[in-house]
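What follows is each chain in one-letter form.
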Amino acid sequence: MKNTVVYFGIIKYPDKNAMCQRVHGIRKSCEDLGFHFVQIGVNSEIKRGKSVKVNWNVYEINAPVTITEWADSCIRTNDIIKILSEIGIGKIRTFIMADYRYIPMLAMRNFCKRKKIHFVADIMDWFQTGKGIFEKIKYWDNCLRMKKLYPGVKRRIYISKAFQDKFGVLPTTAFVPGTVDPDDPKWQYESSGRQTDKIIFTFAGDPGKHCEKEKIDWVIRALYELNAKDFVSLNIAGIDEKSLRKNNPYINSYINESIHFYGMISHNECIRLVKESDFSLIIRPDTDLSRFGFSTKLSESFVCSTPVFATNTGDISNYVTNGKNGFLCDCSYDSVKKCLSYIMTLKKDNLDKMKIYARDLNKLIYSNFTDALKGVL
């Protein structure tokens, strides 16, 4: 009986990147629908061409680090097919592939067609170009997927309405944003409660080398210009102070003792920081990456009972109500500064009520989108 769904993506098991959160929600939906679910992720410690079975439903292949490994990953599918054979081709109903290289995705689509397996593209990111050769290759590869591959794939999952608008709605497509499973034990951490009179903001993630992905430089500058150090505390996790200063020297004079750097920490430690904060920051510039993507920090913040302070990009306005579960502002420095100035006037009662709203108004629960997957799988 074909009752197995296999999901492949840049998943760094068990919980080392945002893809882990994505695949967890889809796994839960698939299991609720009665399917057996297997995921295939990546690990840089695995040699090229090899695969490892981590546990009964988790496999990993090589995550490229060297130029040779990167070049090989742009064409190789043998390691994926080997895992599918080990699972049992005759048992696999659906193979989901998330934003991988163009040639392997094309090859796996054709393989699935030959083997009468449903091939599904999980479409999540619109990569930006950059100065480095790897950034340019990723961008060109992204363009090939968007223009040549995805329009010809019948079964698709969209992480955003922008992708849905671009590629269209079919009985075999589904809109599934970044979601959470509130019953996952990692969310059960109990906050120690308010330990300070300051308003606490937390940024967790990768802002990009020059803050091109998330504009935490705007936040740092705005808080300095608002003379907020006695009223606000800013936690930054995902990048260390030395790297941020080195790559963005113009903000050096704005950094003071109210800003606390945590560097690279575990997801569980990030959850603790977010839970003990008044606001989680999602300050993205207006780019294709932010318009077509979907920040997993949105659902994660809400399940932590933490409101968000965010720029209004992509689908975020569908989930944030100003003054209830967060604040939205335009994608400009002046707008960020103006909104921060207003937030600084909020009283403890306002902040506590917003935490309740963030928890209770959370639409981004995986089960809300389970039925949408029926036609895709």
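Attention in this report is confined to the structure presented alongside it. Just so you know, these numbers come straight off a predicted model, no measurement behind them.

Concerning the overall build of the protein
Next, step 1: Counting its regular elements, the protein contains 13 helices and 14 strands.
Next, step 2: Radius of gyration (C-alpha) of the protein: 21 Å, near the 21 Å computed for a compact globule of 377 residues.
Next, step 3: Reported as C-alpha extents along the three principal axes, the dimensions of the protein are approximately 65 × 40 × 35 Å.
Next, step 4: Counting the 377 residues in the protein, one finds 53% classified as buried.

Section: the layout of surface pockets
Next, step 1: For the second largest pocket, the calculated volume is near 600 Å³.
Next, step 2: Lining the second largest pocket are 31 residues, and of these Ser-191, Lys-275, Glu-276, Cys-304 and Lys-355 sit closest to its centre.
Next, step 3: Elements that contribute at least two residues to the lining of the second largest pocket include exactly strand S10 (232–237), helix H9 (267–275), helix H11 (296–303) and helix H13 (348–360).
Next, step 4: The greatest single-element share of the lining of the second largest pocket, amounting to four residues, is contributed by H13.

With respect to the pattern of salt bridges
Next, step 1: The final tally for this structure, using the stated rule, is 21 salt bridges.
Next, step 2: Of the charged contacts in the structure, one is a salt bridge between Lys-186 and Asp-15, with a shortest N-O distance of 3.2 Å. Residue Lys-186 is located in the loop between strand S8 (173–175) and strand S9 (199–204), and its partner Asp-15 is located in the loop between strand S1 (4–8) and helix H1 (18–32); the two are separated by 171 residues in the primary sequence.
Next, step 3: Judged by relative accessible area, Lys-186 falls into the buried class, the value being 16%.
Next, step 4: Overall, the relative accessible area of 22% leaves Asp-15 in the partly exposed class.
Next, step 5: Within the structure, one salt-bridge network assembled from shared partners comprises Arg-48, Asp-72 and Arg-76.

Quick look at the packing of helix H7 (residues 216–225) against helix H12 (residues 333–343)
Next, step 1: Following both chains from N to C, one finds H7 and H12 inclined at 50 degrees, their axes separated by 9 Å at the closest point. Judged by the inter-axis angle, H7 sits oblique to H12. Regarding H7 and H12, the two cross each other, and that crossing is right-handed. Here H7 contributes Trp-218, Val-219, Arg-221, Ala-222, Leu-223 and Glu-225 to the contact with H12, which in turn contributes Tyr-333, Val-336, Lys-337 and Leu-340.

Remarks on the nonpolar core
Next, step 1: By size, the foremost hydrophobic cluster in this structure holds 69 residues, and its most contacted members are Tyr-7, Ile-40, Leu-84, Phe-95, Met-97, Phe-163 and Leu-298.
Next, step 2: Contacts of Phe-163, omitting those with residues within four sequence positions, involve Ile-123, Met-124, Asp-125, Trp-126, Met-146, Tyr-158, Gly-168 and Phe-292.
Next, step 3: In this structure, Val-219, Ile-255, Val-336 and Ile-343 belong to the second largest nonpolar core, which totals 35 residues.

Observations regarding the packing of aromatic side chains
In this description, an aromatic ring pair is defined by two values, namely the gap between the centres and the angle between the planes.
Next, step 1: Under the counting rule described, the total for this entry stands at 15 aromatic pairs.
Next, step 2: Judged by centre distance (6.3 Å) and plane angle (15 degrees), the ring pair of Phe-163 and Phe-167 falls under stacked. Remark: Phe-167 and Phe-163 occur in helix H6 (residues 161–167); sequence separation between them is four residues, near one turn of the helix.
Next, step 3: On the accessibility criterion, Phe-163 (0% relative accessible area) is buried.
Next, step 4: When its relative accessible area of 14% is taken as the criterion, Phe-167 is described as buried.
Next, step 5: A network of ring pairs unites the aromatic residues Trp-126, Tyr-150, Tyr-158, Phe-163, Phe-167 and Phe-292 as a single cluster.
Next, step 6: For Lys-161, the ring lying beneath its charged end belongs to Phe-175, and the centroid distance is 4.3 Å.
Next, step 7: Directly above the ring of Tyr-333 sits Arg-221, whose terminal nitrogen or CZ lies 4.0 Å from the centroid.

A few points about the environment of Asp-288
Next, step 1: In this fold, Asp-288 is placed in helix H10 (residues 288–292).
Next, step 2: Spatially, the C-alpha atom of Asp-288 lies 27 Å from that of Asp-240, the residues being 48 residues apart in sequence.
Next, step 3: Excluding residues that lie within four positions of it along the chain, Asp-288 makes contacts with Trp-126, Gln-128 and Gly-293.
Next, step 4: A distance of 2.7 Å separates polar atoms of two side chains, one belonging to Asp-288 and the other to Arg-291.

Considerations on empty space enclosed by the protein
Next, step 1: Tallied over the full model, the rule gives four cavities of 30 Å³ or more.
Next, step 2: Approximately 100 Å³ is the volume attributed to the largest cavity.
Next, step 3: Looking at the largest cavity, the residues that line it are Ile-282, Arg-284, Ser-290, Gly-293, Phe-294, Ser-295, Leu-298, Thr-311, Thr-313, Gly-314, Asp-315 and Ile-316.
Next, step 4: Grouping the amino acids of the lining of the largest cavity by side-chain chemistry returns four nonpolar, six polar and two charged.
Next, step 5: Approximately 70 Å³ is the volume found for the second largest cavity.
Next, step 6: Arg-48, Gly-49, Ile-61, Asn-62, Glu-69, Asp-72, Ser-73, Arg-76, Asp-79 and Tyr-100 are the residues that line the second largest cavity.
Next, step 7: Elements that contribute at least two residues to the lining of the second largest cavity include exactly strand S4 (58–62) and helix H2 (67–73).
Next, step 8: Per-element accounting of the lining of the second largest cavity gives the leading share, three residues, to H2.
Next, step 9: Split into classes, the residues belonging to the lining of the second largest cavity amount to two nonpolar, three polar and five charged.

Some remarks on unusual backbone geometry
Next, step 1: The linkage connecting Tyr-13 with the following residue, Pro-14, adopts the cis geometry, with an omega of 5 degrees.
Next, step 2: Mapped onto the elements, Pro-14 comes out in the loop between S1 and H1.
Next, step 3: The backbone of Asp-99 sits at a positive phi, close to 40 degrees, despite the residue not being glycine.
Next, step 4: Note on placement: Asp-99 falls in the loop between strand S5 (92–98) and helix H4 (102–114).
Next, step 5: Residue Asp-99 is classed as buried on the basis of its relative accessible area, which comes to 8%.

Cut-off values and rules
Residues numbered from 1 in each chain as written. Predicted model: local features only at pLDDT ≥ 70, side-chain atom pairs only at ≥ 80, totals over all residues. Heavy atoms only, no water. Helix = DSSP H or I, 4+ residues; strand = E, 2+ residues; numbered from the N terminus. Rg over C-alpha atoms; globule rule 2.2 N^0.38 Å. Buried < 20%, exposed > 50% of the residue type's maximum accessible area, 1.4 Å probe, protein only. 1 Å grid on protein atoms, 1.4 Å probe; cavity = no way out; pocket = protein on both sides within 12 Å on 5 of 7 lines; lining within 4 Å. Points joined across faces, edges and corners; volume = space filled by probe spheres on them. Salt bridge = Lys/Arg side-chain N within 4 Å of Asp/Glu carboxyl O. Axes fitted to C-alpha atoms, helices over the stretch in contact; angles between N-to-C directions. Parallel < 35°, antiparallel > 145°, perpendicular 65-115°, else oblique. Left-handed = near helix turned anticlockwise from the far one by under 90°. Contact = heavy atoms within 4.5 Å. Core = buried A, V, L, I, M, F, W, Y, C linked by side-chain atoms within 4.5 Å. Phe/Tyr/Trp six-rings, centres within 6.5 Å; stacked < 30°, edge-to-face > 60°. Lys NZ or Arg CZ within 6 Å of the ring centre and 35° of its normal. Polar contact = N/O pair within 3.5 Å; in protein donor to acceptor, adjacent residues only side chain to side chain. Nonpolar A, V, L, I, M, F, W, Y, C, P; charged D, E, K, R; others polar.

Spatial relationships are all this shows, so hold off on functional conclusions.
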